[in-house]
Amino acid sequence: MTQFTLWDIFRNLLLATRWTILLSLVSFLGGGILGLILLFMRIGHNRAAQFFSKIYVEIFQGTPLLMQLFLAFFGLGLFGINVPAWLAAGVALIAWTAAFLVEIWRGCVESVASGQWEAAASLGMGYLQQMRYVILPQALKIAVAPTVGFSVQVIKGTALTSIIGFVELSKAGSVVTNATFQPFTVYGLVALLYFALCWPLSKSSQILERKLNVAHRNH
Amino acid sequence: MSLIEITEVRKSFGPNEVLKGINLDIEPGEVIAIIGKSGSGKSTLLRCINGLESINSGSISVAGAQLLPDELHLKALRLKVGMIFQQFNLFPHLTAGGNVILSQAVVKKTPKPEAEAIARQMLDRVGLAAKFDAYPDELSGGQQQRVAIARALAMRPIALLCDEITSALDPELVGEVLAVVRSLAAEGMTLLMVTHEMKFARDVCSRVVFMHHGKVHEIGRPEAVFANPQTPELKQFLGML
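Residues numbered from 1 in each chain as written. Chains lettered and ligands numbered in written order. Predicted model: local features only at pLDDT ≥ 70, side-chain atom pairs only at ≥ 80, totals over all residues. Heavy atoms only, no water.

**A closer look at the packing of aromatic side chains**
And step 1. According to the stated counting rule, one finds 10 aromatic pairs over all chains in the structure shown.
And step 2. Taken together, a centroid distance of 6.3 Å and an interplanar angle of 25° make the contact between F195(A) and W199(A) stacked. You can see F195(A) and its partner W199(A) sitting in helix α8 (residues 183-218), 4 residues apart, about one turn around the helix.
And step 3. Three or more aromatic residues joined by ring pairs form one cluster here, namely F70(A), F73(A) and F74(A).
And step 4. The positively charged end of R120(B) is found above the aromatic ring belonging to F132(B), 3.8 Å away from the centroid.
And step 5. Of note, R151(B) hangs over the ring of F91(B), and the distance from its end group to the ring centre comes to 4.4 Å. (Phe/Tyr/Trp six-rings, centres within 6.5 Å; stacked < 30°, edge-to-face > 60°. Helix = DSSP H or I, 4+ residues; strand = E, 2+ residues; numbered from the N terminus. Lys NZ or Arg CZ within 6 Å of the ring centre and 35° of its normal.)

Okay, structure coming up:
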């Protein structure tokens, strides 16, 4: 029986971490873009667009990410479309991330006092100008910390994609366990790697929050 | 023709009618104080004049610009009337100068150097030339309100609407804001102000409008309105009953 050194295990997990990072980045960026589009639909004046955005958020926040992954993976397969695991994982995570970012950002936009809109309007600015020059610069500042904080959820969310066979950190963990029969060591390292990815993000979210708040108070 | 013509204006919030047919014509250079109990509709009337609230019926026009609910007409109207708010509503992410420059640059497309020159001039006019680079939260309430006045003036409005502009200020800061308003009145600016400063209304205003239950209940020159109120409601409001 082959003996695996700790380094063998760690090296294999580290290689799989690439895919966790890549999937997280794709989900976060894709979700960010989709989220931005949904945000403008939600806060714009078009009733139908508002409604669509609202329903979208309710559906994706109201169902487990795992079900969304299954539906993306098996659902499309029912129609004869062969979906590779990486594609299903990417699509589902982008859609899921967008649903949460919209709500975070909508909260940020709405937290800008209504008097700001009124002051901008009374100076003759149109809706888009009010948004661009007065509301968004303020909302953006509020949004930074919670958005960075949410990226941690996205990274942890990628672990679920192991169930549909996408080989990222968690899946690599179970593969390596099956070969080495050292589950505690392997999953311990897996957890450590997740922590190494997530902790700097949540810490920087805290720092950003404090820093931007101070900036808001004193400029 | 009057500068501001308010004709049979009605406004409801749901089943609650707050303006029940307001008629008021304001001549150029007039300084009008609107007084009345809270809930009498005085702030709503002011907000209707520059389209922050839509009206249910009647008409409002300012120097020929009609109040209509589309963005183009609203913009034309708002370029003629500036508004000052109780809560100042300065843009916190911009300096005092930036606040005064923004709408000139964005709405009027004034070139940056010219907009900045006007901003300096307007801040100087309200006595805050030195605070050009200060952010709103570095300024006192009275200073913030004066920046808000400078910001409105920079758009060269024909008339200014003042919505209880001293009500959120500490007593010792009220004077500096009222001094600015007084100087504007002296220069011939048309002013329509909702106020609780009765002494100021008596000293500076050309007419006083007493609103009660969504109607203009009594109107006249300040000396007449304050010294010789005709209706029991106004007498009660002035504490004479």
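This is not the end of the story, as more comes after the structure.
**Observations concerning the pattern of salt bridges**
And step 1. Following the criterion strictly, the structure yields 13 salt bridges over all chains and no others.
And step 2. Here R106(A) makes a salt bridge to E110(A), at a shortest N to O gap of 3.2 Å. Here the residue R106(A) and the residue E110(A) both occupy positions in helix α4 (residues 85-110), the gap between them amounting to 4 residues, near one helical turn.
And step 3. You can call R106(A) buried: its relative accessible area is 18%.
And step 4. Taking the relative accessible area as the measure of exposure, E110(A) reaches 53% and is therefore exposed.
And step 5. Of the charged contacts, one joins R47(B) and E118(A) as a salt bridge, the two residues approaching to 2.7 Å between their closest N and O atoms. Within this pair, whereas R47(B) is found in helix α1 (residues 42-49), its partner E118(A) is found in helix α5 (residues 114-122), the two belonging to separate chains. (Salt bridge = Lys/Arg side-chain N within 4 Å of Asp/Glu carboxyl O. Buried < 20%, exposed > 50% of the residue type's maximum accessible area, 1.4 Å probe, protein only.)

**Things to note about the pairing of strand β2 (residues 16-26) of chain B**
All names here are of chain B.
And step 1. Inspection of the sheet shows strand β1 (residues 4-13) paired to β2 by 8 bridges, in the antiparallel sense. Across the sheet, the residue bridging to K11 is L19, located in β2.
And step 2. Hairpin remark: β1 followed by β2, antiparallel, with 2 residues in the connecting loop; positive phi at G14, about 60°. (Pairing = 2+ DSSP bridges.)

**Brief notes about unusual backbone geometry**
And step 1. One non-glycine residue with positive phi stands out, namely F181(A), at about 55°.
And step 2. Note that F181(A) resides in the loop between α7 (169-180) and α8.
And step 3. In this model, K109(B) sits at a positive phi of 55°, which is unusual for a non-glycine residue.

**Some words on the confidence of the model for chain A**
And step 1. On average, residues of chain A score 91 in pLDDT, and 97% of them are at 70 or above.
And step 2. Per-element confidence in chain A ranges from a low mean pLDDT of 86 for α8(A) to a high of 96 for helix α2 (residues 47-61) of chain A. (pLDDT = per-residue confidence, 0-100.)

**Remarks on the pairing of β1(B)**
Successive residues of a regular strand alternate their side chains across the two faces of the sheet.
And step 1. Bridge analysis of β1(B) against strand β4 (residues 57-62) of chain B gives 5 bridges, and the strand direction is antiparallel. Bridge pairing links I4(B) to V62(B) in β4(B).

**A short note on the side chain of R151(B)**
And step 1. Mapped onto the fold, R151(B) is located in helix α5 (residues 141-153).
And step 2. Despite its burial, R151(B) remains without a salt bridge, the nearest opposite charge being carried by E118(A) at 9.9 Å.
And step 3. At 3.2 Å, the side chain of R151(B) forms a polar contact with the side chain of N99(B).
And step 4. Once residues lying within four places of it in the same chain are set aside, the contact partners of R151(B) are A119(A), L123(A), F88(B), N89(B), L90(B), F91(B), N99(B) and V100(B). (Lys, Arg positive; Asp, Glu negative; His and termini not counted. Polar contact = N/O pair within 3.5 Å; in protein donor to acceptor, adjacent residues only side chain to side chain. Contact = heavy atoms within 4.5 Å.)

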